[in-house]
Amino acid sequence: MMGSGKTRVGRQLAGRLGLAFVDSDEQIERRHGRTVREIFETDGEPAFRRLEAEALAAAVGSPARSVIAAAGGVVLDARNRELLARAGTVVWLRARPEVLATRVGDHDHRPLLGDDALGVLRRLDAERTPLYREVADAVLDVGELSPDEAAARIAELVA
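Residues numbered from 1 in each chain as written. Predicted model: local features only at pLDDT ≥ 70, side-chain atom pairs only at ≥ 80, totals over all residues. Heavy atoms only, no water.

Asker: I'd love a proper account of helix 1 (residues 6-17), names of residues and values included.
Answerer: Between its terminal C-alpha atoms helix 1 stretches 16 Å, which fits the 16 Å expected from 12 residues at 1.5 Å a residue. Within helix 1 the residues assigned to the buried category are Val-9, Gly-10, Leu-13 and Ala-14. Here the buried residues of helix 1 occupy an arc of 135° about the axis, which is enough to place them on one side. When the buried face of helix 1 is taken as reference, the exposed residues oriented beyond 90 degrees from it are Arg-8 and Gly-15. If you follow the buried residues of helix 1, they end up packed against strand 1 (20-23), strand 2 (66-69), strand 3 (91-94) and helix 8 (147-158). (Helix = DSSP H or I, 4+ residues; strand = E, 2+ residues; numbered from the N terminus. Expected span 1.5 Å × (residues − 1). Buried < 20%, exposed > 50% of the residue type's maximum accessible area, 1.4 Å probe, protein only. Arc of directions from axis to C-beta. Contact = heavy atoms within 4.5 Å.)

Asker: So what's going on with the packing of helix 3 (residues 36-43) against helix 4 (residues 45-61)? Residues and values would help.
Answerer: Taken N-terminus to C-terminus, the directions of helix 3 and helix 4 make an angle of 135°; their axes are 7 Å apart at the nearest point. By the angle between their axes, helix 3 is oblique relative to helix 4. Mapping the contact onto sequence places Val-36, Ile-39, Phe-40 and Asp-43 in helix 3 and Glu-45, Ala-47, Phe-48, Arg-49 and Leu-51 in helix 4. In the contact of helix 3 with helix 4, the residues fall into 6 nonpolar, no polar and 3 charged. (Axes fitted to C-alpha atoms, helices over the stretch in contact; angles between N-to-C directions. Parallel < 35°, antiparallel > 145°, perpendicular 65-115°, else oblique. Nonpolar A, V, L, I, M, F, W, Y, C, P; charged D, E, K, R; others polar.)

Asker: Go over the pattern of salt bridges, please, and point to the residues and values.
Answerer: Tallied over the full model, the rule gives 12 salt bridges. When the shortest N-O distance is used, the salt bridge between Asp-148 and Arg-16 registers 3.1 Å. Within this pair, whereas Asp-148 is found in helix 8, its partner Arg-16 is found in helix 1, the two being separated by 132 residues in sequence. Overall, the relative accessible area of 40% leaves Asp-148 in the partly exposed class. When the shortest N-O distance is used, the salt bridge between Arg-49 and Glu-45 registers 2.9 Å. Here Arg-49 pairs with Glu-45, and both are found in helix 4, just 4 residues apart, close to one helical turn. (Salt bridge = Lys/Arg side-chain N within 4 Å of Asp/Glu carboxyl O.)

Structure representation (structure tokens):
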């Protein structure tokens, strides 16, 4: 989920493991020369979800071993869930919506949140929890952990 620390934890984990790091949102923005918000606003969510799936497939299909921070909504597509399940160890960084809402800040770059971040995060959590559970090999509650602590725990798990 947005705000769980996927990018920060992923970067630290990749550093600890000596692996490349890939953030799917960053890949989309780099390839298309627009922010996630701009893509949502001009092309709509379905177009963004297609780009999200392409970014995931490219990251997973790379011959280089890497830590991948997959966008939170990538689990909405069954094909993406299948891809994740085959890709390697999937760790769900889980936090309560109340924690996530404090982390997303002004959420200017998070187009799904609108004016009610906590309400939207609660709804997304209810919708996505079963999907995250479906693909996760491990679940790490990150609500009280720093990115460094989370990365250390995941490194132990995958070592």
